[in-house]
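What the coordinates show
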Amino acid sequence: MEDLAQIDGAIEWLGVQYKTILRPEQTGGAMSIVDSWSPAGSGPPRHMHQNEDETFVIVTGTCKFWLEGEEFTAGAGESVFIPRGNEHTFKVTDDGPCRHFVILTPGGFEGFFADMAAGQCRIPEDMPAIEESAKRHNMAFTGPLLD
């Protein structure tokens, strides 16, 4: 698997590499797609997007998901749809990294990743800055990391 750090335009935050491969400006705001490479054991705290549906297309590796109280896994070749307004989180399993595409409809949330990479924000030390960017990108943190 090609390391996204070697692909022009990739950014990094907390060991996760992101590259926006379809920008909202290219779709009239309708959607965006982010190519993401996440190391084993990584994942965000539970959260909710107010404006965006989020679809994960797993390319390599496996993720455990939590969606509105239900836990399940998805691996290479599988997709997970998370409707806007639904609490969710995920964690890459410990057996290796995961590469996945995140499809956001409408587009715009990918700006949160850019903010975090630019500031190299740390959890929990920089939660005020993280929560401020999350609010600007219509996201709220609602719970803990997934075990």
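Residues numbered from 1 in each chain as written. Predicted model: local features only at pLDDT ≥ 70, side-chain atom pairs only at ≥ 80, totals over all residues. Heavy atoms only, no water.

With an unreviewed UniProt entry as reference, the protein is termed Cupin domain-containing protein, source organism Marivita cryptomonadis.

What about helix α1 (residues 110–119)?
The line we're drawing: We call a residue buried when its accessible area falls under 20% of the maximum for its residue type, exposed when it is over 50%, and partly exposed in between, using a 1.4 Å probe and counting protein chains only. Per the convention used, a helix needs a DSSP run of H or I reaching at least four residues, while a strand needs a run of E reaching at least two, with both numbered from the N terminus. Within this analysis, the arc is defined by the directions that extend from the helix axis to the C-beta atoms. Whether two residues are in contact is decided by their heavy atoms, any of which lying within 4.5 Å being enough.
Where α1 is concerned, the buried positions are E110, F112, F113, M116 and A117. Taken end-on, α1 shows its buried residues confined to a sector of 150°, consistent with a single buried face. Elements in contact with the buried residues of α1: β1 (11–13), β2 (16–22), β3 (32–38), β10 (98–105), α2 (127–136) and β11 (139–141). Phi for Q120, located one or two positions after α1, is positive at around 45°.

Things to note about the pairing of β2
The criterion, for reference: For two strands to count as paired, DSSP must find a minimum of two bridges between them.
Sheet analysis places β1 next to β2, joined by 3 bridges and oriented antiparallel. Bridge assignment links W13 to a residue of β2, and that residue is V16. Taking the residues between adjacent antiparallel strands as the criterion, β1 and β2 are bridged by 2 residues, where L14 takes a positive phi near 55°. Bridging between β2 and β3 involves 5 bridges; their strand directions are antiparallel. Directly across from Q17, in β3, lies its bridge partner W37.

Structural notes on the nonpolar core
Convention followed: Residues enter a nonpolar core if they are buried and are Ala, Val, Leu, Ile, Met, Phe, Trp, Tyr or Cys, with the set joined through side-chain atoms within 4.5 Å.
Counting 27 residues, the largest nonpolar core has W13, F56, I58, C63, F65, F112 and I130 as the members making the most contacts within it. Within the residue set of this core, elements represented by two or more residues are β2, β5 (53–60), β6 (62–67), β8 (79–82), β9 (88–92), β10, α1 and α2. The dominant element in this core, judged by the number of residues it contributes, is α1, at 4 residues. Contact partners of W13, with chain neighbours within four places excluded, come to Y18, F112, M116, A117, Q120, C121, I123 and I130.

Brief notes about the UniProt feature "domain: Cupin type-2" (unreviewed entry) in the protein
Rules: UniProt positions are given in the numbering used here, feature names are shortened, and annotations may be inferred rather than shown by experiment.
Mapped onto this numbering, the UniProt entry annotates "domain: Cupin type-2" (unreviewed entry) at residues 40–103. Note that residues 40–103 is 0% helix and 59% strand, and that its end C-alpha atoms are spaced 21 Å apart.

Describing the pattern of salt bridges
For clarity, the cut-off: Any Lys or Arg side-chain nitrogen found within 4 Å of a carboxyl oxygen on Asp or Glu counts as a salt bridge.
Using the criterion set out here, one finds 6 salt bridges in the structure. Notably, a salt bridge pairs R84 with D53, separated by 3.1 Å at the nearest N-O pair. Of this pair, R84 sits in the loop between β8 and β9 while D53 sits in strand β5, placing them 31 residues apart in sequence. Judged by relative accessible area, which is 38%, R84 ranks as partly exposed. Relative accessible area serves as the criterion here: at 14%, D53 is assigned to the buried category. Salt bridges sharing partners connect three or more residues here, namely D115, E132 and R136.

Focus: the environment of K135
Within the element layout of this structure, K135 appears in helix α2. The exposure class assigned to K135 is exposed, which follows from its relative accessible area of 69%. Sequence separation between K135 and H49 is 86 residues; the distance between their C-alpha atoms is 9.6 Å.

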